[in-house]
Amino acid sequence: MAKYSQGKFTAWLQRIVSFRREDSGLYKEIAERLPLGDAERILDIGTGTGLQLKGIHELAPGLDLYGLDLSRAAIQVASKALTGLKVDLRAGNISDTSYEDDFFDVVTCNASMSYWENPRDCFNEIYRILKPGGEVLLFEPHEGIEIETALDQIRKNMADKSRLRRWGTVQLNKFGLKRGPSVGMKLYSIDELKQLAAKSRFGEYHSVKETSLMNIPIFVCIHLWKPIPSSWS
């Protein structure tokens, strides 16, 4: 992963962006899309400030929460944001973790895969730590984004906010969408994502589809699942 994603500046920027996302309802929308019904443990990759885990807890308070982020500074922020909740937060790389085999029911991530140096290795590690029958939902911006269309929708979403706040949010998103590659952010096409999944241990057990979050049309949902061995039937 890019060194940029490990620095204190990134943790500071994540904090600003994360609180904007929480306020907009983005984390709640993602949590509502996750298969939380019968799950016992969930891992949020690139957890940043931990506010996605907070949103998940509000929907499924009995779920065991785990967060992983390459940045120790971000983990420190998440620890403070999640004070009072029982949560396992670790600084580490998703390409090589210390979690047990077949451990998680659900694994999720939003806008962090773009910083993975070896996504196939990361998919393989996720497969290892995912329970048979478990599911993975990754929400990521993709290559070929219509940036101005996305920014227009963000403006509409914030129509009830102050002009200064709208401007600040638009500028933050414009920076991420336009300048992302210059700070180590890698966007993939849908075909590239399908190939990455197919060449990983997930093989045919994947789906990659365009989706919108908060009506912003820049995302794909990468859905991966680990089959239950036929011997268990």
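Residues numbered from 1 in each chain as written. Predicted model: local features only at pLDDT ≥ 70, side-chain atom pairs only at ≥ 80, totals over all residues. Heavy atoms only, no water.

## Notes on the overall build of the chain
- When helices and strands are counted, the chain shows 8 helices and 7 strands.
- When each of the 233 residues of the chain is scored for burial, the buried share is 48%.
- Considering only residue pairs separated by 6 or more positions, the chain has 70% of its internal contacts joining residues 24 or more positions apart.
- Counting only carbon and sulfur atoms, one obtains 48% of the accessible surface of the chain, whose full area is about 11,800 Å². (Helix = DSSP H or I, 4+ residues; strand = E, 2+ residues; numbered from the N terminus. Buried < 20%, exposed > 50% of the residue type's maximum accessible area, 1.4 Å probe, protein only. Contact = heavy atoms within 4.5 Å. Areas by Shrake-Rupley, 256 points an atom, 1.4 Å probe, with all protein chains shown as cover.)

## Let's talk about the confidence of the model for the chain
- Taken as a whole, the chain shows an average pLDDT of 86; of its residues, 86% reach a score of 70 or greater.
- In the model of the chain, helix α1 (residues 8-24) stands out as the element of lowest mean pLDDT, 56, in contrast to strand β1 (residues 41-45), which has the highest, 98.
- Contacts of residues 1-6 to residues separated by more than four positions or lying in other chains number 23 contacts, the stretch itself having pLDDT below 50. (pLDDT = per-residue confidence, 0-100.)

## Description of the nonpolar core
- Membership of the largest hydrophobic core comes to 35 residues, with the highest contact counts inside it found for Leu 34, Leu 36, Ile 42, Ile 56, Leu 63, Phe 139 and Ile 218.
- Put simply, the parts of the chain that give this core at least two residues each are α2 (26-33), α3 (51-59), α4 (72-81), β5 (130-141), α6 (147-157), α7 (163-179) and β7 (216-225).
- If we ignore the near neighbours within four places in the chain, the residues touching Phe 139 are Ile 30, Arg 33, Leu 34, Thr 108, Cys 109, Asn 110, Ala 111, Thr 211, Leu 213, Phe 219, Val 220 and Cys 221.
- Of all hydrophobic cores here, the second largest spans 30 residues; its members include Tyr 99, Cys 122, Tyr 188 and Val 220. (Core = buried A, V, L, I, M, F, W, Y, C linked by side-chain atoms within 4.5 Å.)

## Remarks on unusual backbone geometry
- For Met 214, which is not a glycine, the phi torsion comes out positive at approximately 55°.
- Tracing the backbone shows Met 214 in the loop between β6 (206-213) and β7.
- You will see that Asn 215, though not glycine, has its phi angle at about 65°, which is positive.
- Here Asn 215 shows up in the loop between β6 and β7.

## Re the packing of helix α5 (residues 119-129) against helix α8 (residues 190-199)
- Where α5 contacts α8, the two axes come as close as 9 Å, and the packing angle between them is 50°. What the angle tells us is that α5 and α8 run oblique. Along this stretch, α5 crosses α8, giving a crossing that reads as right-handed. Together, Pro 119, Arg 120 and Phe 123 of α5 and Leu 196, Ala 197 and Lys 199 of α8 make up the contact between the two elements. (Axes fitted to C-alpha atoms, helices over the stretch in contact; angles between N-to-C directions. Parallel < 35°, antiparallel > 145°, perpendicular 65-115°, else oblique. Left-handed = near helix turned anticlockwise from the far one by under 90°.)

## Remarks on the pattern of salt bridges
- Counted by the stated rule, this structure contains 9 salt bridges.
- For Glu 29, the salt bridge is made with Arg 33, and the minimal N-O distance between the two is 2.9 Å. Taken together, the residues span about one helical turn, with Glu 29 and Arg 33 both in helix α2 at a distance of 4 residues.
- When its relative accessible area of 19% is taken as the criterion, Glu 29 is described as buried.
- With relative accessibility at 32%, the residue Arg 33 sits in the partly exposed group.
- The partner of Arg 128 in a salt bridge is Glu 125, with the nearest N and O atoms 2.7 Å apart. (Salt bridge = Lys/Arg side-chain N within 4 Å of Asp/Glu carboxyl O.)

## Digging into the sheet that holds β7
- Spatially, the 7 strands line up as an open sheet ordered β3-β2-β1-β4-β5-β7-β6, and their pairing is mixed. Edge positions in the sheet fall to β3 (87-91) and β6, since each has one partner strand and no second. When strand polarity is set aside, the average angle formed by the axes of neighbouring strands in this sheet is 20°.
- Pairing of β5 with β7 involves 7 bridges; the strand directions are antiparallel. Opposite Phe 139, over in β7, you have Cys 221 as the bridge partner.
- Here α2 sits on the sheet in contact with β4 (104-110), β5 and β6, set at roughly 145° to β6.
- Most of the contacts of α8 go to β6, to which it runs at about 140°, and overall it touches β6 and β7. (Pairing = 2+ DSSP bridges.)

## Thoughts on the pairing of β6
- With 7 bridges connecting them, β6 and β7 associate as antiparallel partners. The residue of β7 that forms the bridge with Thr 211 is Phe 219.
- Counting the residues between successive antiparallel strands, the hairpin from β6 to β7 contains 2 residues, one of them, Met 214, with a positive phi of roughly 55°.

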